[in-house]
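Listed below, chain by chain, are the residues.
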2 protein chains.
Amino acid sequence: MNAEIVSIGNEVVYGVIADTNAAYLAARLEDLGATVIAHRAARDFEDEIVAALAAACRSAELVLVTGGLGPTLDDVTREAAAKLAGVELVEDRRASEMLHSFFRARHRAPHPVNLKQATIPNGSTYLPNRHGTAAGFAMSHGNSTLFFMPGVPREMKMMFEDEVVPRLRETLPESGNFRRTLLAIGLGESDLGAKLGDLMQRGRNPEVGTMVQGGIIGVRIIARAADARTAREMVETDIRRIREILGPFIISDDETTLPFAVAKLLEEKGRTIAIAESCTGGLISGMMTEVPGISRFFLEGVVAYSNEAKTEILRVPEAVLERHGSVSVETAKAMAAGVRDRADADIGIAVTGIAGPGGGTPQKPVGMVCFALADDGGVIAREERFGGNRSEIRDRAAKYALNLVRLRLLGVA
Amino acid sequence: MNAEIVSIGNEVVYGVIADTNAAYLAARLEDLGATVIAHRAARDFEDEIVAALAAACRSAELVLVTGGLGPTLDDVTREAAAKLAGVELVEDRRASEMLHSFFRARHRAPHPVNLKQATIPNGSTYLPNRHGTAAGFAMSHGNSTLFFMPGVPREMKMMFEDEVVPRLRETLPESGNFRRTLLAIGLGESDLGAKLGDLMQRGRNPEVGTMVQGGIIGVRIIARAADARTAREMVETDIRRIREILGPFIISDDETTLPFAVAKLLEEKGRTIAIAESCTGGLISGMMTEVPGISRFFLEGVVAYSNEAKTEILRVPEAVLERHGSVSVETAKAMAAGVRDRADADIGIAVTGIAGPGGGTPQKPVGMVCFALADDGGVIAREERFGGNRSEIRDRAAKYALNLVRLRLLGVA
């Protein structure tokens, strides 16, 4: 079944907010076995909404609509739906009761403008909203089924899950779609394209696609089959092939993120860690502590921005700072050994670099970052160059550091 | 001039990512005086892209397209554009030079798949990409002008600002739209609605709207007038009124974010700061070090997750930890005084709390966070409760801490 998502509202079209509703619904429809073929967003103008709905119905059997069900004058999605269907808006008794009880529970009376929120196009099916005043509704047009939901994300999600999903399950065949995303790090998208070219051929099933976000690569595998089990097996076969090709570049095949993958390895190997940061300024500790319960493995973090902090807390010898400078593999090594020692941790990881925009020199340009990792096997170090602005350089460096820990724990660094 | 935004990519249509590019471009087009009338998103299928582009051209004179310019087989926006125009793709000499110099700067050779990124539809105008390998291009179709940009947000933004905006300014009349956003913290959205109700009347010009994202309130003011100067004056009058109403809740009226506002105050007052974090785990240091050159004011940060780190580095007396527990205002106070002392800083700030999901008790539930700030005026402390999940609690707590520093530096905490 093909589906389209239609988002209604000036705030979306004029760019005041990003349309997260469409992304949410699209991902859920994929799970349910529908194929989302397009999104569109229309302004709060009745004729434009009617046109968008009609166009969506021409190309998709299922149309999910969000927004424009509010109480104010500029909310005209109800009117547009009624016009599309060629019917009047009528008050729905259950919607009206729900509206009044919503206000009663809050010890308030509905404002007159709220009353239109209990109307739906004549002949459509009322969809209750348990978290707000806007009634939803479902209706048919031509060969398409349309579901109208509020634009407030919390209300939309509840209505979709509680009211729309059960109805979709009745009409959709048991989904034969199965989807998994591998996360990887340390490869460019074009390297990845070269390595996975075969799998990424257009028209192949499973469909394999890649995307890069914040230095993390997602390899998305979607199989479409007659039943979920077959689809799942197809995806798993691909995952095995991709694991053979990408090896330790792969962080996870179950959406486990980098810090959680590191935490899992620390737990498995029974190791503790301490972190010394200069240019990343706390980001590595911040990422590591996303993981609940990490205090068993993450002993302490030091943000040693000043040289004084490096010498005093981390015991970096002043001679090292003087001879090699604060951004150098030598300083990184001393920081890693120093923080490991201070915290009495199994692993010490350290980062020092030039995040910019100022502070670069021809020898040590903006984007140069030095890493070191100290453990019972000694101290290893890396010098890297990252592109991008200050925040990107810091983010990439923090992830590089966590990945170095991951690779070390896997025995490949 | 009417404009449409077309986003291309399975990752958008299938809901893998939310379409932030469309929101960015829509807001910028508003600034420039164009009227965005719709968005649409199409999958990476040539015929669907051609259809989306053709439909957009039928309703808008200006069409901004993002995505599908990557090196892999599934990127077919170039091919679709050429098909729409009825021309061949040709290598652009300048695009090709740019591609090679991009790889040269990184001491790598372009992969063969990258070469197609230097092709554009015959007769179109090349738009350089200074931050990536995908060339952009501009072309006409019927009465419409189309600009094709990469989907990677950083590359898209640069290309839009550097290449598209100057071209749009040539054709668009001088805009009488003027927009500013005030940032505020410490108020709920409904408090805000009550305080600013008058200004937020529908149909008022300037239009005043609010939104909340990650605990930060945005108050958006848009004036529409015959010329930019009048619009600007209208906005400035509103800003003065809102400043009177909201006072120190306001972080900035020029989109200066909280860490930058704190950094500015540290600089103005000539103060230095040190940060001790438990539950926020490095986030406060991470936010503070978003600011370039902050090393002059931010001396050091300590992520003292373990009690041992609290006693050893921060000199929190063991008796305090035993009597009050690691999450307590007393411990926060000792941490703040300890880190201030250790770093010899003017201000010490400390946070300790329960970010969850585990670790809560009836007395100290998940979301309880204690803050302390030590300076030459003594030590102040706060105990707060935050809602949300682990990551929201940590984020809100980090911002609360920075805001406490801000209010202290303003003399109101």
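In what follows, the structure referred to is the one given above.
Residue positions are given per chain, counting from 1 as you read along its sequence in written order. To read the labels, note that chains go from A and ligands from 1, taken in the order they are written. Since the coordinates come from a predicted model, pLDDT governs what is reported: local features require at least 70, and pairs of side-chain atoms require 80 or more to be given and counted, while whole-chain, interface and lining totals use all residues. To get the side-chain values, take all heavy atoms of the structure and skip hydrogens and water.

(A) Examining the overall build of chain A more closely. When helices and strands are tallied, chain A shows 14 helices and 17 strands. Throughout, radius of gyration means the C-alpha value; the globule benchmark is 2.2 Å times the number of residues raised to the power 0.38. The C-alpha radius of gyration computed for chain A amounts to 27 Å, which surpasses the reference 22 Å derived for 413 residues by more than 25%, pointing to a less compact arrangement than a globule. By principal-axis analysis of the C-alpha atoms, chain A measures approximately 85 × 50 × 40 Å. Taken over 413 residues, chain A has a buried fraction of 58%. The contact rule is simple, with two residues in contact once any of their heavy atoms fall within 4.5 Å. Within chain A, residue pairs in contact and separated by at least 24 positions form 67% of the contacts whose partners lie at least 6 positions apart. Of the accessible surface of chain A, which amounts to about 16700 Å², a share of 49% is contributed by carbon and sulfur atoms. On chain A, the mean spot of the 48 positive side-chain charges and the mean spot of the 54 negative ones are 2 Å from each other. The numbering of helices and of strands both runs from the N terminus, where a helix is a DSSP run of H or I of at least 4 residues and a strand a run of E of at least 2. Exposed residues in this analysis have more than 50% of their type's maximum accessible area, buried residues have under 20%, and partly exposed residues fall in between, with area computed by a 1.4 Å probe over protein chains only. All accessible areas in this document rest on Shrake-Rupley with a 1.4 Å probe, and a residue is counted as covered only by the protein chains that are shown. When charges are tallied, Lys and Arg are placed among the positive residues and Asp and Glu among the negative ones, while His and the ends of the chain are skipped. Charge placement uses NZ in Lys and CZ in Arg. For Asp and Glu, CG and CD serve respectively.

(B) Geometry of helix H5 (residues 93-105) of chain A. All names here are of chain A. Compared with an ideal rise of 1.5 Å per residue, which puts 13 residues at 18 Å, H5 spans 18 Å between its outermost C-alpha atoms and is within 8% of the ideal. Considered for burial, the residues of H5 that qualify are Ala95, Ser96, Leu99, Phe102 and Phe103. Along the axis of H5, the buried positions cluster into a sector of 120 degrees, meaning they face one direction only. Across from the buried face of H5, at angles greater than 90 degrees, the exposed residues are Arg93, Arg104 and Ala105. On its buried face, H5 is in contact with strand E4 (89-91) and strand E6 (125-127). Following H5 by one or two positions, His107 has its phi on the positive side, about 55 degrees. By this rule the span expected of a helix is its residue count minus one, scaled by 1.5 Å. Here the arc refers to the set of directions running from the helix axis out to each C-beta atom.

(C) Highlighting the packing of aromatic side chains. A pair of aromatic rings is counted whenever rings of Phe, Tyr or Trp (Trp by its six-membered ring) have centres within 6.5 Å, and the orientation is called stacked for planes under 30 degrees apart, edge-to-face for over 60 and tilted otherwise. Per the stated rule, a full pass over the model turns up twelve aromatic pairs over all chains. Taking 4.3 Å as the distance between ring centres and 35 degrees as the angle between the ring planes, the aromatic pair formed by Phe371(A) and Tyr400(A) counts as tilted. Pair noted here: Phe371(A) is in strand E16 (residues 368-375) and Tyr400(A) is in helix H14 (residues 390-409), with a separation of 29 residues, a long-range link. Of the two residues, Phe371(A) and Tyr400(A), neither departs from the other in class, the shared state being buried. Seen from their ring centres, Phe386(B) and Tyr400(B) are 5.9 Å apart, and the 75 degrees between their planes marks the pair as edge-to-face.

(D) Quick peek at the environment of Arg229(A). Within the secondary structure layout, Arg229(A) lies in helix H8 (residues 228-246). For the pair Arg229(A) and Thr145(A), spaced 84 residues apart in sequence, the C-alpha separation works out to 28 Å.

(E) The sheet that holds E6(A), seen in detail. Two strands form a pair only when DSSP identifies at least two bridges running between them. Ordered by their spatial adjacency, twelve strands build an open sheet running E6(A)-E7(A)-E8(A)-E3(A)-E1(A)-E2(A)-E2(B)-E1(B)-E3(B)-E8(B)-E7(B)-E6(B), and the pairing between neighbours is mixed. With partners counted over all chains shown, the strands left at the sheet margins are E6 of chain A together with strand E6 (125-127) of chain B, one partner each. Going across the sheet, the axis of each strand differs from the next one's by a mean of 20 degrees, ignoring polarity. Note that strand E7 (residues 136-141) of chain A and strand E8 (residues 144-149) of chain A share five bridges and pair antiparallel. Counted as the bridge partner of Phe137(A) is Phe148(A) from E8(A). In this analysis, axes come from line fits to C-alpha atoms, helices being fitted only over the stretch in contact, and the angle between any two N-to-C directions falls in the range 0 to 180 degrees. The strands touched by helix H6 (residues 153-171) of chain B within the sheet are strand E3 (62-66), E6, strand E7 (136-141) and strand E8 (144-149) of chain B, with E8(B) carrying the most contacts at an inclination of about 155 degrees.

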